Amino acid sequence: MAERYSRQERFAPIGKEGQALLAEKHVLIVGAGALGSANAEMLARAGIGRITIIDRDYIEWSNLARQQLYTEEDAASSRAKAKAAEARLKAINSTIEVVGIAEEFDPENAELLLKDVDMVIDGTDNFNTRFIINDAACKYKVPWIYGGCVKSDGISLSILPGQTPCLQCLIDQLPQDGETCETAGIIGPAVQVTAAYQTAECLKFLTGHSMSTHLVSFDVWGRQYSSIDVAKLKDPQCASCSAEAQFPYLKKEKGIRTAVLCGRDTVQVRPGRKENVNLERLAQRIEPLAGEARVNEVLLRFHMEEKRFVVFKDGRTLIHGVEDVQEAKKLYHRYVEA
Ligand SMILES: [Zn+2]
């Protein structure tokens, strides 16, 4: 076992001292899709002492082309990504602590989770969640590493609250043209390069080195690369990182909330407060109507009115096959909430 990290320890900037530091660190990975999987696997193999990974979704066949922690069996049984990731990471490295949380990362759990971590890795696929990470990171002074990829392009930036510009400061410099993996596609190499930049920065910071202030972006297909120093773009009036910061994304919404998941004809419905839904009981109630309702460790799935329902333990429900929020709310009240 002493051999385990020998090559990494031989790398001069890390050394035995750096390796010992990594064993004491706690990294939170938000999102267990392609970027989250790639970062998590590298960090688990590198010997980070504690990894917490949070994700709201479950595994589908279309994930397997690039989400490296998952297998066909996971897709066939619609396993929650966070739980499948936890199991796989523990199998990769049994000497570290890994916790998978099958929930949406929201203002509530963001504040709880961020109090206790040394670093956050962005493995999300949307800016709303990234701004929640950014506000919580700024509030608790936790560094985080932004990463995004679509098609053959990737982008990454390290954010050190109090020192570098934050995501909110740079809002005008970032690509938000609405292209997503569902609409424009993505290839695995773009994921791997983006995750490599994120993990490298994470290892640098956790072993006592300073992180880069450069925004890197690249196209692995077209072989383009750029690196821009954004250090001077810190906004002194920033709503998230200035002395008068309001942390707008940490404000909690009340009542039922809905979100259209990009490009998937899917609407997510969330009850006003998190519940502890008895999935077995709901399955028994729904089965006479739906024909079949299948329960696994964290979710229940069934078909009704040609829509696919996935209900999580906390009451959060994904309804596939609807485009309209009102229709989704009606279906939710009819079949889930009753
Ligand atoms: Zn800022």
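Quick note: structure is the one above.
From a predicted model like this one, the values you see are computed outputs, not experimental measurements. (Residues numbered from 1 in each chain as written. Predicted model: local features only at pLDDT ≥ 70, side-chain atom pairs only at ≥ 80, totals over all residues. Heavy atoms only, no water.)

Caption draft 1: How the structure looks around the overall build of the chain. What the chain contains, in helices and strands, is 11 helices and 14 strands. Computed over its C-alpha atoms, the radius of gyration of the chain comes to 20 Å, within 12% of the 20 Å expected for a compact globule of 338 residues. On the principal axes, the C-alpha backbone points of the chain span a range of 65 × 50 × 40 Å. Each of the 338 residues in the chain was classed as buried or not, and the buried ones make up 53%. Once local pairs closer than 6 in sequence are excluded, the contacts in the chain between residues at least 24 apart make up 63%. Approximately 15900 Å² of the chain is accessible, and the part contributed by carbon and sulfur atoms is 49%. (Helix = DSSP H or I, 4+ residues; strand = E, 2+ residues; numbered from the N terminus. Rg over C-alpha atoms; globule rule 2.2 N^0.38 Å. Buried < 20%, exposed > 50% of the residue type's maximum accessible area, 1.4 Å probe, protein only. Contact = heavy atoms within 4.5 Å. Areas by Shrake-Rupley, 256 points an atom, 1.4 Å probe, with all protein chains shown as cover.)

Caption draft 2: Seen up close, the coordination of the zinc ion. Surrounding the zinc ion are the protein donor atoms Cys 166 (SG), Cys 169 (SG), Cys 238 (SG) and Cys 241 (SG), at 2.2 to 2.3 Å. Classification of the site at the zinc ion rests on its 4 donor atoms, whose angles at the metal span 99 to 119°, yielding the label tetrahedral. (Donors = N, O, S within 2.8 Å, 3.2 Å for Na, K, Ca; no water. Tetrahedral: all angles 85-135°; square planar, octahedral: opposite > 155°, others 65-115°.)

Caption draft 3: Just the nonpolar core, in detail. Counting 35 residues, the largest nonpolar core has Leu 28, Phe 105, Leu 114, Val 120, Trp 144, Tyr 146 and Leu 167 as its most contacted members. Every element with two or more residues in this core is listed here: β1 (26-30), α6 (107-114), α7 (127-140), β5 (144-150) and β6 (153-159). Ranked by the residues each element gives to this core, the list is headed by α7, at 7 residues. In this view, Trp 144 contacts Met 119, Val 120, Asp 122, Arg 130, Ile 133, Asn 134, Ala 137, Leu 157, Ser 158, Ile 159 and Leu 167; residues no more than four positions away in its chain are not counted. Listed in part, the 29 residues of the second largest apolar core include Ile 59, Leu 69, Val 98 and Ile 121. (Core = buried A, V, L, I, M, F, W, Y, C linked by side-chain atoms within 4.5 Å.)

Caption draft 4: A look at the sheet that holds strand β9 (residues 257-261). The antiparallel open sheet is built from 6 strands, whose spatial order is β9-β10-β14-β13-β12-β11. On the outer flanks of this sheet lie β9 and β11 (293-295), each paired with one strand and no other. Geometrically, the sheet is characterised by an average inter-axis angle of 15° between neighbouring strands, direction not taken into account. When strand β10 (residues 266-270) meets strand β14 (residues 317-320), the two strands line up antiparallel, connected through 4 bridges. Counterpart to Val 269 in the pairing with β14 is Thr 317. Of the strands in this sheet, β11, β12 (299-304) and β13 (307-312) touch helix α10 (residues 279-290), which is tilted by about 15° from β12. Helix α11 (residues 325-337) contacts β9, β10, β12, β13 and β14 of the sheet and is inclined by roughly 65° relative to β13. (Pairing = 2+ DSSP bridges. Axes fitted to C-alpha atoms, helices over the stretch in contact; angles between N-to-C directions.)

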